[in-house]
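Geometric and topological summary
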Amino acid sequence: MTEIANLYETIFKRKSVRRYDPNPLDEKTLAGILSFLNTLKPLYGGIKTEVKIVPQKNVWSLQPKAPHYLAVFSETKDGYLTNVGFMMQQMDLFLSSIGIGACWQGIPKLSKEALRSSNLKFVIVLAFGRPAETLYRKSISEFKRKPIEQIRDFAGADELLEPARLAPSAVNNQSWFFTGKEGVIHAYCTKPKFLMGAWIRIDIGIALCHIWIAAEHFDKNVEFINNEKVLSSHPKGCHYIGTLSIK
Ligand SMILES: Cc1cc2nc3c(=O)[nH]c(=O)nc-3n(C[C@H](O)[C@H](O)[C@H](O)COP(=O)(O)O)c2cc1C
């Protein structure tokens, strides 16, 4: 199976894994993860990012421990948080597809040593390791998500929007909304609430990643463009992120 097919299938069964086998992964598996890092597609060109595999001792967290963390660093240009969400969701799906548990974690802090390993701004970690709980959901009904009618106001693009609906988000906030017509999807996030600003922008990047993977799966070409000047109005309470042109 091709990589995209694997990632697409994983969208419909993945879940956050929070309990891990404490033993580190073997070198071969870690090398495979490092090599997949080099293939991550950015949403926006021109934003420098770095991802490092960091051991547990360099991560301060009150949450259940994982043997490894992917620490994500980025330049802080416009759209960098959404770009991080888009890129690292490819990794979340990849890890799940090869039998490794993972969980986005917005709360942990890095040790000074780990922070010094990059000149870029530390954004977030993805915890990962061998799962000590079930890795997959058995059916879509196990996803706790809003119905599709609550995240879009038009019909005809559900083969791409259903994968977005199932995307993970911080505290399962699902703060995304889509408008559009055939071949065009305008993506919005809800206006950030207290302390949720950064996470909401990462979340919409994650949902856009699922749309992109679904489009690739259906042999469609997606271009991500800014149509803000063309759009006369936006849905109430929503912040425009960008437009997907799908051919
Ligand atoms: C940006 C972001 C930050 C998150 N932070 C945490 C976290 O700090 N701790 C945690 O246990 N889960 C965290 N999560 C996981 C979400 O709680 C989880 O994705 C959501 O509840 C949906 O569940 P699912 O991933 O199992 O489908 C985070 C997810 C995202 C996208």
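Relevant structure appears above.
Quick caveat: nothing in here was measured; it's all calculated off a predicted structure.

Let's shift gears to the sheet that holds strand β4 (residues 101–105). Here we have four strands laid out as an open sheet, ordered β1-β3-β6-β4, and antiparallel in their pairing. Single-partner strands in this sheet number two, and they are β1 (49–55) and β4. Sheet twist, expressed as the mean angle between neighbouring strand axes with direction ignored, is 25°.

Looking now at the nonpolar core. A general trend in soluble globular proteins is that nonpolar side chains are found buried together. With 61 residues, the main nonpolar core has Met91, Phe178 and Ile185 as its most contacted residues. Sort the elements by how many residues they give to this core and helix α6 (residues 197–217) lands first, with 12 residues. Sequence-distant contacts of Ile185, defined by excluding residues within four places in its chain, comprise Phe154, Ala157, Leu160, Leu161, Phe178, Thr179, Ile211, Gly242, Thr243, Leu244 and Ile246. Tyr20, Cys103, Val125 and Ala127 belong to the second-largest nonpolar core, a separate cluster that totals 16 residues.

Before going further, it helps to spend a moment on the pattern of salt bridges. Scanning the entire structure with this criterion turns up nine salt bridges. In this structure, Glu133 and Arg19 form a salt bridge, with 3.9 Å as the shortest nitrogen-oxygen distance. Taken together, the positions of Glu133 in the loop between β6 (121–129) and α5 (158–165) and Arg19 in the loop between α1 (3–11) and α2 (27–37) put the pair 114 residues apart, joining distant regions of the chain. Arg130 is the partner of Asp26 in a salt bridge, and the nearest nitrogen-oxygen pair spans 3.8 Å. Of this pair, Asp26 sits in the loop between α1 and α2 while Arg130 sits in the loop between β6 and α5, and the two are 104 residues apart along the sequence. The class for Asp26 is partly exposed, based on a relative accessible area of 37%. The structure contains a network of salt bridges with shared partners spanning Lys15, Arg19 and Glu133.

All right, on to the site of the ligand then. In the region of the ligand, 21 residues are neighbours, and Arg14, Ser16, Arg18, Gln63 and Arg145 sit closest. Interatomic distance of 2.6 Å between a side-chain N/O atom of Arg18 and an oxygen atom of the ligand. Gly106 places a polar main-chain atom, nitrogen or oxygen, 3.0 Å from a nitrogen atom of the ligand. Taking 630 Å² as the accessible area of the ligand by itself, protein coverage stands at 89%. Secondary structure elements with two or more residues in the shell around the ligand: β4 and α6. The class makeup of the residues in the shell around the ligand is nine nonpolar, six polar and six charged. Viewed by domain, the shell around the ligand spans two of them, domain 1 (3–129) and domain 2 (144–246), each represented by three or more residues.

What counts, and where the lines are drawn
- Residues numbered from 1 in each chain as written.
- Predicted model: local features only at pLDDT ≥ 70, side-chain atom pairs only at ≥ 80, totals over all residues.
- Heavy atoms only, no water.
- Pairing = 2+ DSSP bridges.
- Helix = DSSP H or I, 4+ residues; strand = E, 2+ residues; numbered from the N terminus.
- Axes fitted to C-alpha atoms, helices over the stretch in contact; angles between N-to-C directions.
- Core = buried A, V, L, I, M, F, W, Y, C linked by side-chain atoms within 4.5 Å.
- Buried < 20%, exposed > 50% of the residue type's maximum accessible area, 1.4 Å probe, protein only.
- Contact = heavy atoms within 4.5 Å.
- Salt bridge = Lys/Arg side-chain N within 4 Å of Asp/Glu carboxyl O.
- Near = heavy atom within 4 Å.
- Polar contact = N/O pair within 3.5 Å; in protein donor to acceptor, adjacent residues only side chain to side chain.
- Areas by Shrake-Rupley, 256 points an atom, 1.4 Å probe, with all protein chains shown as cover.
- Nonpolar A, V, L, I, M, F, W, Y, C, P; charged D, E, K, R; others polar.
- Domains from an automatic or database assignment.

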